[in-house]
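Inside the fold
Here is how the chains run, residue by residue.
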Amino acid sequence: LGIRKAMKSSDRICVIGGGRIGLPISVRLAGVGAKVELLELDEEKISKINSGESPFFEEGMQEILASSVVAGQLKATSNQDVIASCNIIISAIGTGINEDGAPDVKSLEGLSEMLSSRLNPGDILILKTTLPIGTTEKIANTLSEKSGLKLEEELLVAFCPERIVEGKAMHELEVLPKIVGGIGEKSTMRAQEVMRFLGGEVVTVSNSRTSEMCKLLDNAYR
């Protein structure tokens, strides 16, 4: 109840990516009362989600997913234009490592292209998956340049690393501390508000680079 009261009626969330990170986040947010659009490319996965069926197993997720779909809180789609109707955008697009050991962030180039023409003043973009240090700032600057929105005034960007483990995602989303680091103070404070929707303690750090470093250390520990 406390989480629902913290939400604004105007808040509409778009989660990009319906995989092991994006789907549990979408289900958790929908389960606490948020309106969530899940942007996914796989049409078979979209069909299952919109039928209230999880495409993979996560303990405790199926029941919440089914009830959220029935209640109209969660909808999966491949239509990128839903981004323009949302003011909170959470990217769960994965990154990897090339054969030479260098980070593979090509997927994020496509993310910038997809978002730049669909952003509106007041939007916040929250990045969740592992990134090389400094990547959040680069994405923020690219989006600002392409969209014409001024950072920290019209466009907010933050990195909030996801720390869930496969099979325990729903429980860990609710209880694990959430680390928040924005490109500036306004971005950090707004991202903090959003992360509180999920549950658990919210820990703010000085900037997005620090938050990115926390993710790398967390991965190494895991």
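Our subject is the structure that appears above.
First things first, this report covers the structure right here in the doc. (Residues numbered from 1 in each chain as written. Predicted model: local features only at pLDDT ≥ 70, side-chain atom pairs only at ≥ 80, totals over all residues. Heavy atoms only, no water.)

**Some details on the sheet that holds strand β7 (residues 123-127)**
The line we're drawing: For two strands to pair, DSSP has to find at least two bridges joining them. Strands are runs of DSSP state E lasting at least 2 residues, helices are runs of H or I lasting at least 4, and numbering of each runs from the N terminus. In this analysis an axis means a line fitted to C-alpha atoms, helices contributing only their contacting stretch, and an angle means the value between N-to-C directions, from 0 to 180 degrees.
The mixed open sheet is built from eight strands, whose spatial order is β3-β2-β1-β4-β7-β8-β9-β10. Both edges of this open sheet fall to β3 (74-77) and β10 (202-204), since each of them pairs with a single strand only. The mean angle between the axes of side-by-side strands here comes to 25°, regardless of whether they run parallel or antiparallel. The pairing of strand β9 (residues 178-182) with β10 spans three bridges and is parallel.

**Quick notes on the pairing of strand β1 (residues 12-16)**
Stated precisely, the cut-off is as follows: Only protein chains enter the accessibility calculation, which uses a 1.4 Å probe. A residue is then buried if its area is under 20% of the maximum for its type, exposed if over 50%, and partly exposed in between.
When you tally the buried positions in β1, you get four out of five residues, the bulk of the element. Looking at chain direction, β1 and strand β2 (residues 35-39) are connected through five bridges and run parallel. In the sheet register, Arg12 faces β2, and the bridge partner there is Lys35. Of the strand pairs in this sheet, β1 and strand β4 (residues 88-91) are connected by four bridges, and their pairing is parallel. What sits directly across from Val15, in β4, is Ile90.

**Some points on helix α9 (residues 208-221)**
Under the convention used in this document: Take the number of residues in a helix, subtract one, and multiply by 1.5 Å to get its expected span. Of all possible arcs, the one meant is that of the directions from the helix axis to the C-beta atoms. Should any heavy atoms of two residues lie within 4.5 Å, those residues are considered in contact. Here a polar contact is taken to be a pair of N or O atoms separated by no more than 3.5 Å, where protein atoms must pair a possible hydrogen donor with a possible acceptor and residues adjacent in sequence count only if both atoms sit in side chains.
The end-to-end C-alpha distance of α9 is 20 Å, a good match for the 20 Å that 14 residues give at a rise of 1.5 Å each. For α9, the complete set of buried residues consists of Ser208, Ser211, Glu212, Lys215 and Asp218. All buried residues of α9 lie within an arc of 120° about the axis, which places them on one face of the element. With respect to the buried face of α9, the exposed residues turned more than 90 degrees away are Leu217, Ala220 and Tyr221. The secondary structure elements touched by the buried residues of α9 are α6 (135-147), β8 (155-159) and β9. Where α9 begins, the side chain of Asn207 points an oxygen toward the backbone nitrogen of Arg209, at a separation of 3.2 Å.

**Things to note about the nonpolar core**
We count it as follows: Each nonpolar core is a collection of buried residues, namely Ala, Val, Leu, Ile, Met, Phe, Trp, Tyr and Cys, held together in the definition by side-chain atoms within 4.5 Å.
With 36 residues, the main nonpolar core has Ile13, Leu29, Val36, Ile90, Ile126 and Met195 as its most contacted residues. Ranked by residue count, the leading element in this core is helix α2 (residues 22-31), at five residues. Residues Ile93, Leu108, Ile139 and Leu151 belong to the second largest nonpolar core, which totals 24 residues.

**Some details on the pattern of salt bridges**
For clarity, the cut-off: Whenever Lys or Arg places a side-chain nitrogen within 4 Å of a carboxyl oxygen from Asp or Glu, that contact is recorded as a salt bridge.
Counted according to the given criterion, the structure contains 11 salt bridges. For Glu113, the salt bridge identified is with Lys146, shortest N-O distance 2.3 Å. Of this pair, Glu113 sits in helix α5 (residues 106-116) while Lys146 sits in helix α6, and the two are 33 residues apart along the sequence. By relative accessible area, Glu113 is classed as partly exposed at 48%. Residue Lys146 is classed as partly exposed on the basis of its relative accessible area, which comes to 42%. Residue Asp218 is joined to Arg163 by a salt bridge in which the shortest nitrogen-to-oxygen separation is 3.2 Å.

**Description of the side chain of Glu212**
What counts is decided by this rule: In this count, Lys and Arg are taken as positive residues and Asp and Glu as negative ones, while His and the chain termini are left out.
Among the structural elements, Glu212 can be located in helix α9. Here Glu212 sits buried without a salt bridge, and the closest side chain of opposite charge, Arg209, lies 5.9 Å off (N-O distance). If near-sequence neighbours (up to four positions away) are discounted, Glu212 is found in contact with Leu131, Pro132, Ile133, Gly134, Thr135, Thr136 and Phe159.

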